[in-house]
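So the chains spell out like this:
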Amino acid sequence: MGGAVPVGWPPDGSRVSSLNDALLAAHQAKDSATLVRLYRAAGEEALTTNEVQGCFYLTHAYVFALEAGLPEAGDLHATLKSLGRES
């Protein structure tokens, strides 16, 4: 699954179906690391134009990182906290 959507992928509408397809495949495979990577990349990109959308994706990344015990959870928590989305 790795590499289906590059890190930094822009959620600009033209590649939404690519992200959706990649997320669906990662969900079906129960691939938490890929889910975190995809949601995080989409969230970081979205933050440049839409904080609410960016935080939506980052929250998903955070939840999957927590569930899988991945180290990215700490960074995602710090980012969400800095954006006032987490205490």
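Look up a bit, the structure's there.
Visitor: Help me out: how do you make sense of the pattern of salt bridges in this one?
Guide: Side-chain pairs of opposite charge can arise where the charged atoms are in close proximity. This model, assessed by the stated rule, comprises 2 salt bridges. Between glutamate 44 and arginine 40 there is a salt bridge whose closest N-O contact spans 3.1 Å. With glutamate 44 and arginine 40 both in helix α2 (residues 32–46), this residue pair falls 4 residues apart, about one helical turn. Its salt-bridge partner being arginine 85, residue glutamate 51 comes within 2.8 Å of it at the nearest N-O pair. Of this pair, glutamate 51 sits in helix α3 (residues 51–68) while arginine 85 sits in the segment after α4 (72–82), and the two are 34 residues apart along the sequence.

Visitor: Looking at this structure, how should I read unusual backbone geometry?
Guide: Across residues other than glycine, the phi torsion is negative in most instances, and most of the peptide bonds are trans. Backbone geometry at lysine 30 places phi at a positive 55 degrees, although glycine is not the residue there. Within the element layout of this structure, lysine 30 appears in the loop between α1 (16–29) and α2. We classify lysine 30 as exposed; its relative accessible area is 70%.

Conventions and cut-offs
Residues numbered from 1 in each chain as written. Predicted model: local features only at pLDDT ≥ 70, side-chain atom pairs only at ≥ 80, totals over all residues. Heavy atoms only, no water. Salt bridge = Lys/Arg side-chain N within 4 Å of Asp/Glu carboxyl O. Helix = DSSP H or I, 4+ residues; strand = E, 2+ residues; numbered from the N terminus. Buried < 20%, exposed > 50% of the residue type's maximum accessible area, 1.4 Å probe, protein only.

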